[in-house]
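# Coordinates in review
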Amino acid sequence: MKRLVWFALILLLVGLGYTVFPGEKAYACSCVESNAQEKLKTSTAVFTGKVVKRGGVQIFSTDRVRAYTFEVDTAWKGVSSKRMTVMGNDAGSESCGIQLDKNQSYLIFAYQNKMDDKLHTNLCSGNVSIDQAGDALKLLGAGKVVSQADFEKNDQGRSWSFYLIIYGGVILLLVLVSGWIWRRKKRACMLGSDLRDNGSTATEGKRKSPCGTLR
C-alpha cells in the first residue's frame, strides 16, 4: 500500500513540475548577432523596397517558403532588376520564419541558395521594416537609388546587339546566295556561248547571247 502511495505522489510531483516549469521548444531559432555592415558583407543582395506581391506557400527541401516580390527603391548590393523576388522562410519564428506584409517597405538582406540559385531570407538575415531601419541605414551608408530607366538602357543595348547580329547574318547570307547565283549564270552563259560559236557565226552568237555583261 505504501508503495502505491509513494508512486502516486511521484506522478503528482512530475505533473506539477511540467505545469509550473513548461519545457522549452526543442527547435528554437538562434541567430548570430551582427550589425548591418557585417550583414552587407555576407549577403548576396541588400536593398530597400516595397512588397508588391506576396506569393503562395511552397515546399523547398523540407522547409516552407513564400515568394515575395519587391519594387526596389535603393540598392547596396546584388540588385539586377527594378523588381526583385526573394524566397522567405514561411515557418514560425521559432524556426527562423518571417512574415512580410504586402504594400509595406522593408530593408532586406538576402543570400543566394545554391540548391535553386534563388535569393532566400529568414528571421536571422536582419530584415527590418523601413520605419525601424534608421540605425541600419546609417551603418550601410548611401545606396544607389534604383529606377526602371537604369535597366531599360541595359535591355535596349542588348536588343540592339542582338538585332545587329541578326541583320549582319542576313546580309552575309544574301551576299553568298547572290554570288552563287551569279556564278551559275556565268557558267551557263559560257557553256551556251561555246555551243552557239560552234553552230553559228560570231555575229549571231553575240546577238543571241543572254549573258550581257557577264561575258
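Each chain carries its own residue numbering, running from 1 in the written order of its sequence. Local features in a predicted model are, by the rule used here, given only for residues with pLDDT of at least 70; side-chain atom pairs are given and counted only at 80 or more, and totals for whole chains, interfaces and linings are based on all residues. Heavy atoms from the whole structure form the basis of all side-chain values; hydrogens and water molecules are not counted.

A few words on the overall build of the chain. Regarding its fold elements, the chain presents 5 helices and 7 strands. Helix and strand labels come from DSSP, where a helix needs a run of H or I of at least four residues and a strand needs a run of E of at least two; each type is numbered from the N terminus. Written out in order from the N terminus, the α and β elements of the chain read α-α-β-β-β-β-β-β-α-β-α-α. When a residue's accessible area, from a 1.4 Å probe over protein chains only, is under 20% of the maximum for its type it is buried; when over 50% it is exposed; and in between it is partly exposed. Burial statistics for the chain: of 215 residues in total, 27% are counted as buried. Contacts are assigned to residue pairs with any non-hydrogen atoms lying within 4.5 Å of each other. Restricting the contact set of the chain to residue pairs at least 6 apart, pairs at least 24 apart contribute 60%. Working note: accessible area of the chain is about 15700 Å², and carbon and sulfur atoms make up 58% of it. Surface accessibility follows the Shrake-Rupley procedure with a 1.4 Å probe radius. Residue values consider only the protein chains on display as shielding.

We now examine a nonpolar patch on the surface. Together, Ile166, Tyr167, Val170 and Leu174 line one region of the surface with nonpolar side chains, adding up to about 400 Å² of accessible area. When you line up the elements, Leu174 lands in helix H4 (residues 148-199). You can call Leu174 exposed: its relative accessible area is 53%. Two distance rules govern patches: like charges are joined within 9 Å, and nonpolar side chains (Val, Leu, Ile, Met, Phe, Trp, Tyr) within 5 Å, applied only to residues with over 30% relative accessible area and no salt bridge. By definition here, a salt bridge exists when the distance from a side-chain nitrogen of Lys or Arg to a carboxyl oxygen of Asp or Glu is within 4 Å.

By definition, two strands form a pair when at least two bridges between them are found by DSSP. Direction of pairing for strand S1 (residues 45-60) relative to strand S4 (residues 105-112): antiparallel, over a ladder of 6 bridges. Each bridged residue has a counterpart across the sheet, and for Phe47 the counterpart in S4 is Ile108. With 2 bridges connecting them, S4 and strand S6 (residues 128-129) associate as antiparallel partners. Note on S6: the bridge partner recorded for Tyr106 is Ser129. As defined by bridge partners, S4 adjoins strand S5 (residues 119-121) across 2 bridges and the pair is classed as antiparallel. Bridge pairing in S5 links Tyr111 to His120. With antiparallel pairing between neighbouring strands as the criterion, S4 and S5 make up a hairpin whose turn holds 6 residues, including Asp117 at a positive phi of roughly 60°.

Any two cysteine sulfur atoms within 2.5 Å of one another count as a disulfide. Inspection of every chain in the model, using the stated rule, returns 2 disulfides. Two residues share a disulfide in this structure: Cys29 and Cys96, whose sulfurs sit 1.9 Å from each other. An S-S torsion of about 100° defines the bridge between Cys29 and Cys96 as right-handed. You can see Cys29 sitting in the loop between helix H1 (2-20) and helix H2 (36-42) and its partner Cys96 sitting in the loop between strand S3 (83-89) and S4, a full 67 residues away along the chain. Judged by relative accessible area, which is 23%, Cys29 ranks as partly exposed.

This paragraph deals with the environment of Asp116. Along the chain, Asp116 turns up in the loop between S4 and S5. According to the relative accessible area criterion, Asp116 is partly exposed, its value standing at 24%. Sequence spacing of Asp116 and Phe60 is 56 residues, and the spatial spacing of their C-alpha atoms is 9.1 Å. Each polar contact in these results corresponds to two N or O atoms within 3.5 Å; when the atoms are within protein, one needs to be able to donate a hydrogen and the other to accept it, and residues that are neighboring in sequence are counted only if both atoms are side-chain atoms. A polar contact of 3.1 Å, which involves the side chain of Asp116, links it to the backbone nitrogen of Lys118.

This paragraph deals with the pairing of S1. As defined by bridge partners, S1 adjoins strand S2 (residues 63-77) across 12 bridges and the pair is classed as antiparallel. Across the sheet, the residue bridging to Gly49 is Val72, located in S2. Counted between consecutive antiparallel strands, the loop separating S1 from S2 contains 2 residues, among which Ser61 sits at a positive phi close to 60°.

A complete count under the given rule lists 3 salt bridges for this structure. Among the charged side chains, a network of salt bridges with common partners joins Arg64, Arg66 and Asp90.

Let's shift gears to unusual backbone geometry. Look at Asn103: it is not a glycine, yet its phi comes out positive at around 70°. As for its placement among the helices and strands, Asn103 is situated in the loop between S3 and S4. With a phi close to 60°, Asp117 is a non-glycine residue in the positive phi region. Tracing the backbone through its elements, the reader meets Asp117 in the loop between S4 and S5.

None of this, on its own, says anything about what the molecule does.
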